[in-house]
Amino acid sequence: MTSASGPDADGERRIVSDAAGVVVLGACAAWSLITAAVHDGRPEGVLLAVLAVAAGYAAGRIGGALLPVGAPFAGALAGIALTVAVPHLAPGPQIAEPLGHAGATAAVLTLSAGAACCAAWAAPVPAVRFALRLLAAGTAVLAALLGSTSGLVTCLAVLMCSLAAGRTRHRGAAMAVLAAVAALVTGLIWAVAAPAVPSGFVAALKGRLTPHRVQLWQDAWHLLGDDPALGAGPGRFGELSATSAHSLLSDGKPHSAPLQQAAEQGVVGLVLLAAAFGWVLYALWRGPRPTPVALTAGAALTALAAIAAIGNALSFTAVSVGAGLLAGMATARPLADEPAGRTPDTRARGAGHTTAR
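Note that the structure is predicted; figures quoted are calculated from it, not measured.

Rules of the game
- Residues numbered from 1 in each chain as written.
- Predicted model: local features only at pLDDT ≥ 70, side-chain atom pairs only at ≥ 80, totals over all residues.
- Heavy atoms only, no water.
- Salt bridge = Lys/Arg side-chain N within 4 Å of Asp/Glu carboxyl O.
- Helix = DSSP H or I, 4+ residues; strand = E, 2+ residues; numbered from the N terminus.
- Buried < 20%, exposed > 50% of the residue type's maximum accessible area, 1.4 Å probe, protein only.
- Contact = heavy atoms within 4.5 Å.
- 1 Å grid on protein atoms, 1.4 Å probe; cavity = no way out; pocket = protein on both sides within 12 Å on 5 of 7 lines; lining within 4 Å.
- Points joined across faces, edges and corners; volume = space filled by probe spheres on them.
- Nonpolar A, V, L, I, M, F, W, Y, C, P; charged D, E, K, R; others polar.

Peer 1: Even after reading the chapter, I still don't get the pattern of salt bridges, so can you show me in this structure?
Peer 2: Pairing of side chains with opposite charge becomes possible as their charged atoms draw close. Enumeration according to the criterion identifies 3 salt bridges in this entry. The closest approach of N and O atoms between R42 and E239, which form a salt bridge, is 3.4 Å. With R42 in the loop between α1 (7-39) and α2 (44-66) and E239 in helix α10 (residues 237-240), the pair connects residues that are 197 residues apart, well separated along the chain. With a closest N to O distance of 3.2 Å, R236 and E239 form a salt bridge. Taking the relative accessible area as the measure of exposure, E239 reaches 46% and is therefore partly exposed. It is possible to trace a salt-bridge network through shared partners that takes in R42, R236 and E239.

Structure follows, in structure tokens:
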């Protein structure tokens, strides 16, 4: 299968997606500075996250172009090693650790599983491909051993989605499904925070997510109502949330990326966060890599979005860098052409059509 679009069209698409990324990330940084100036906030956390994603994306593009198999494989190993070597990322009985490290563990292992699966699809040798998928399965086992149930679920979900991606012919429709999944999870969290769901459902969630987390979400909702346009200011949730103020182990965050963005930077900040996720899916849709690689990365990043919606994963720099790395590697154009014919539709990019030869 060969694409009807030529190299010039591919280059134009890459320029458009890269320009969109610059605009979106730049707007995220600028808006955090604006809201911080209005409310005397602290934008350093947002700026660091934006810088981490941008740096990871650039490094991923370079690594993916030079080593389409080796770069994601190295990234997967690095994520696994980080989870094992750094105790702060591992969930456990440490009473001195604030809420949120379990989400970081799940996020890093999920990204590692996605990177291993991307490397598997790029590998030309079946035995290597099998070994890399075995590594992805190993991340789920590691998550189970560390007690991260969410990590176990998301790693297995990424592996299953990656295997199914080999039979997917229309990457645009698949990307739309991934976007819908992320929107559904976010909508559910918002409904709990509002609250706009039956009390019995909220009580069941409190049993799984702890009442403390749900109360933090509700505090974020109330802060958004106080100033829907600008929010309370970056970094100010901890000092304005009654739940956070009365907690001995609080880290000053609502443990939900969408709710934190809305509470501290208003509706505009929330829209910019959604735009950043949408840009990543758009770049994967328009990217030059085979469809299974793009969809695997999209599934891993969607799983990360779900983890971030119910936890504090994006507050960890390693997670932000890892997300940028995976997105960059999955949108890079390898210097050497990748072998064709391993999948039903290796080059579909949403635009144009494919013709068999």
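Peer 1: Where do I start with the environment of A179 in this structure?
Peer 2: Tracing the backbone shows A179 in helix α7 (residues 171-193). Once the C-alpha coordinates of A179 and L281 are considered, the two residues, 102 residues apart in sequence, prove to be 7.8 Å apart. Look past the residues within four positions of A179 in its chain and what remains in contact with it is F277 and L281.

Peer 1: Please explain empty space enclosed by the protein as it appears in this structure.
Peer 2: By rolling a water-sized probe across the atoms, one finds the places where empty space is left. Counted by the stated rule, this structure contains 2 cavities of 30 Å³ or more. Counting only elements with at least two residues in the lining of the largest cavity, the list comes to α1, α2 and α12 (257-286). By residue number, the principal contributor to the lining of the largest cavity is α1, which donates 3 residues. Across the lining of the largest cavity, the residue classes tally to 3 nonpolar, 3 polar and 4 charged. A volume near 30 Å³ is recorded for the second largest cavity. For the second largest cavity, the full set of lining residues is P68, P72, C118, R289, V293, L326, M329 and A330. If one sorts the elements of the lining of the second largest cavity by residue count, helix α14 (residues 317-331) sits on top with 3 residues. Split by residue class, the lining of the second largest cavity holds 7 nonpolar, no polar and 1 charged.

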